Every structure is written in C-alpha cells, then in structure tokens.
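# Summary of structural features
Chain by chain, the residues run as shown.
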Amino acid sequence: GRGRGGAPRPRRGRAVQARIEIPLATAYSGGRERISLHDGSGERTLEVKIPAGILPGQQIRLSGQGTRGSHGAPAGDLMLEVTIREDSRFRLEGRDVHVTLALAPWEAALGATLTVPTLGGDVELKIPAGSDSGKRMRLRGRGMPGATPGDQFVTLEIHVPPAKTEAQRKLYEQMAKAFA
C-alpha cells in the first residue's frame, strides 16, 4: 500500500518458520546450537540460545531474523520449531525420561545398589530383593526441568549371562534343582 502523497508505506518483514534438531542433553540443560539457513540472500549461520527444559514442538523466536522489512520497517521474526534427536540411552515422554537398566539375576533376586544414568548425572538406585524384569522404578524430579519437573522412570531388565565354563554350567544346574 501507499501512504499519503503516494509514498510507499513501510512494511514489517514476514515471519519465517524453520526447524532445529537438538540433542536431548542440550534440551535438558540448555546451551547454544548453530543453525544454517538458506534464504534469498544466501546461506547464513545463526547461534541459537536453547533454554533448559525445552520440549519437542515448542518454538524459539529469534526477533528480526525473518525476511527484511521494506522502506525502513523492521525485519520479521524467525520461528524455530524444536525437535529432539533420538538418544541411545534415554526416551522422552512429555517431561518424563525413561531408561532401561540391565541387571544380573542375582542382583534382582538378592537386591543391589546400582548406578543409573540420568540426564543430570549418574545416581545410585537401590533395587529391592525379588525384583522382576519389567519392574518400573521412579526417580522423582529427575526428568526434564520445568515449573513442574518430570520424573525419570527406570525399567529393570534382567540379563542372564551365558555359562562359559563347566563350573558356571554346574551352578545353573544347582540353581535349577534348588528352585524346582
């Protein structure tokens, strides 16, 4: 449109949508990630500040990083939708984090204190005697940070080591007879 006297009116630039994929550790603790954008003026690289506790689907607004405004008007904003890269150890569900913990049959039967990875660092977890494979335990407040932090759920998975020696095989046979 034109303003009074036929002079073009300044128009703010358009907002631009893009995605940024970040590691789960960065989503947990916050940090900085680089993103490359291709637009009408070529390729440009921006450093994006990631807030701690951001979840998939949330957006980060970068003011003035959209398309240029016309006739001196400000540029539009860049809206980055966050996606989180799959992690080999952790699975995210909302603010809750899930992890599987492998343990030996004797640890499940007798109970044990084992080291469990969390996004905030390793913690010790007391496994009660008589635990079954598939049992879920909760580490309250160890999920994603936020106004109400998530929890971490630990699923126990019993792994039976193979009998590699004759002595180990005999121990399994003794166990079979004792629990028959």
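Residues numbered from 1 in each chain as written. Predicted model: local features only at pLDDT ≥ 70, side-chain atom pairs only at ≥ 80, totals over all residues. Heavy atoms only, no water.

Let us now look at the sheet that holds strand 1 (residues 16-22). With respect to topology, three strands assemble into an open sheet ordered 1-5-4, the strand pairing being mixed. The sheet terminates laterally at strand 1 and strand 4 (59-62), the two strands that pair on one side only. Adjacent strand axes in the sheet meet at a mean angle of 30°, parallel and antiparallel pairs treated alike. As defined by bridge partners, strand 1 adjoins strand 5 (residues 78-84) across seven bridges and the pair is classed as parallel. When the bridges of strand 5 are listed, isoleucine 22 appears paired with isoleucine 84. (Pairing = 2+ DSSP bridges. Helix = DSSP H or I, 4+ residues; strand = E, 2+ residues; numbered from the N terminus. Axes fitted to C-alpha atoms, helices over the stretch in contact; angles between N-to-C directions.)

So, about the pairing of strand 11 (residues 152-158). Bridge count between strand 7 (residues 96-103) and strand 11: seven bridges; the pairing is parallel. Residue pairing for strand 11: leucine 101 is matched across the bridge by leucine 156. The pairing of strand 10 (residues 136-139) with strand 11 spans four bridges and is antiparallel. Bridge pairing in strand 11 places methionine 137 opposite valine 154.

Turning to the sheet that holds strand 11, a few remarks are in order. Taken together, the four strands give an open sheet; going across it, the order is 6-7-11-10, and neighbouring strands pair in mixed fashion. Each edge of the open sheet carries a strand with a single partner, namely strand 6 (91-93) and strand 10. Pairwise comparison of adjacent strand axes, ignoring direction, gives a mean angle of 30° for this sheet. Bridge analysis of strand 6 against strand 7 gives three bridges, and the strand direction is antiparallel. Bridging across to strand 7, leucine 92 finds its partner in valine 97.

Geometry only, nothing functional implied.
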